[in-house]
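Descriptive structure summary
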Amino acid sequence: MKKLAFAVALLMGLASCAAPDPVDVPVREPASETALWSFDTAVQSLRGHSCPAGTPAVEPTAIAIAAVPINLNDADATPPLPDSVVFAGGWRLTSGNVNFGGLSGIETLPDGNLLTVSDFGAFVWIGLSDGYPDGTGNLAYMLGADGTQLSGKSAGDAEGLAFRDGLALVSFERDHRIEAFDLANCGANARAAPVAGLPFDVAGKPIDDNHGAEALSLQPAGTIEFGLESFGGGASPLGAVLATGKGVLTGDMAPNPKGYSLVGFDETTDATGEPVSVTLYRSYDPIRGNRNIITWTRSDIEIKLKRPMTVDNFEGIAAEILDADTMRIWLISDNNFSDRQQTLLFAFDIDTRTE
């Protein structure tokens, strides 16, 4: 059974296992500094900073998002999906808005739509009807704490996304940090409210600008976990956020398959209220191209995406429970604003009765 988790006191009893080529990442925090950040405790303060009193709400810019259906496989292509997994749909997304693209994180919303973040500092909403893209969307640039637009990759390289009660939590690379945006009350006028500064080094060695906190998850209990993409081409260190607003590495590693990096995880609860974690790993080389492995807790089943399947640079993953027996996993790819890559949206339905 695969579980992406933390095993130290900071992480409330979740389990983890070693990754290939492990890096020694000691927990460097004082023993007294063990209280974890809590969404319920922080939410009102974050709303006050992100949407100060008197700040008018601004609607995001409406954009058209064309969604062309695509197949996962050509006829007789391999590898097949596991018996309990159904490819619920795939779409190539494009927009006449030149700022559409670079989508890295994804979350499901209570209204049935999807929210994503662009690694050039923007929120992009993808409209759904009956669970499928309907051609509508919205875009809003992220604002800094001073109300001005985040400028360039150095400030706006958004990667991970979590969402609860109208508040979007976003992890950033380069300037490694987590910030919150009160989209429910201020919309496109939401300012960045600091949640946590994240580590810039692992065991004294600097984290590469492009290997920061790709994975971000808000746990059902309201705590935060994050994961670095990789370190030194090997393992992916895991971390937690303390009540002091400090992001720390716990010393645990994601159970990366050999040659893969951690690029996303998400948490949901099943029909019985039990937590379920889904995890996305990515690998790339010029010969084999993009490859992904998707895992989820309480199951040894894996979804493997590789050629000759239709694949691209998948970086975002989200999960939702459709009914007592079905979990849907959403994937989004980052086209890096390149003509050689695509923005793909995939949906897989998992029959959980087989687990």
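A few points on the structure. Predicted model only: the values in this text are computed from it and were never measured. (Residues numbered from 1 in each chain as written. Predicted model: local features only at pLDDT ≥ 70, side-chain atom pairs only at ≥ 80, totals over all residues. Heavy atoms only, no water.)

**Brief notes about the overall build of the chain**
A tally of helices and strands in the chain yields three helices and 24 strands. Classification of the 355 residues of the chain by burial places 55% in the buried group. A separation of at least 24 residues holds for 57% of the contacts in the chain among residues at least 6 apart in sequence. As displayed, the chain offers around 14,500 Å² of accessible surface, 50% of which is attributable to carbon and sulfur atoms. (Helix = DSSP H or I, 4+ residues; strand = E, 2+ residues; numbered from the N terminus. Buried < 20%, exposed > 50% of the residue type's maximum accessible area, 1.4 Å probe, protein only. Contact = heavy atoms within 4.5 Å. Areas by Shrake-Rupley, 256 points an atom, 1.4 Å probe, with all protein chains shown as cover.)

**Thoughts on the environment of Leu216**
Note on placement: Leu216 falls in strand β14 (residues 215-218). For the pair Leu216 and Leu169, spaced 47 residues apart in sequence, the C-alpha separation works out to 8.4 Å. For Leu216, the contacting residues outside a window of four places in its chain are Gly160, Leu161, Ala162, Leu169, Val170, Ser171, Ile178, Ile224, Glu225, Phe226 and Phe265.

**Re the sheet that holds strand β4 (residues 103-108)**
Strand order in the open sheet formed by five strands is β1-β7-β6-β5-β4, with antiparallel pairing between adjacent strands. Strand pairing shows two members of the sheet lacking a second neighbour, β1 (61-64) and β4, which therefore form its edges. Each neighbouring strand pair of the sheet contributes to a mean axis angle of 25°, computed without reference to strand direction. For β4 and strand β5 (residues 114-118), the ladder comprises five bridges, and the chain directions are antiparallel. Residue pairing in the sheet places Leu103 in a bridge with Ser118 of β5. (Pairing = 2+ DSSP bridges. Axes fitted to C-alpha atoms, helices over the stretch in contact; angles between N-to-C directions.)

**A look at the packing of aromatic side chains**
Summed over the entire model, instances satisfying the criterion amount to ten aromatic pairs. The interplanar angle of 85° and the centroid separation of 5.2 Å between the aromatic rings of Phe87 and Phe346 together place this pair among those described as edge-to-face. A residue pair is termed long-range when its members are at least 10 positions apart, and Phe87 in strand β3 (residues 85-94) and Phe346 in strand β24 (residues 343-351) qualify at 259 residues. Measuring from ring centre to ring centre gives 6.1 Å for Phe346 and Phe348, while their planes differ by 80°; the resulting arrangement is edge-to-face. With relative accessibility at 0%, the residue Phe346 sits in the buried group. Each member of the aromatic cluster is reached from another via a ring pair, and the members are Phe87, Phe314, Phe346 and Phe348. Against the face of Phe39 rests Arg164, its NZ or CZ located 5.5 Å from the ring centre. (Phe/Tyr/Trp six-rings, centres within 6.5 Å; stacked < 30°, edge-to-face > 60°. Lys NZ or Arg CZ within 6 Å of the ring centre and 35° of its normal.)

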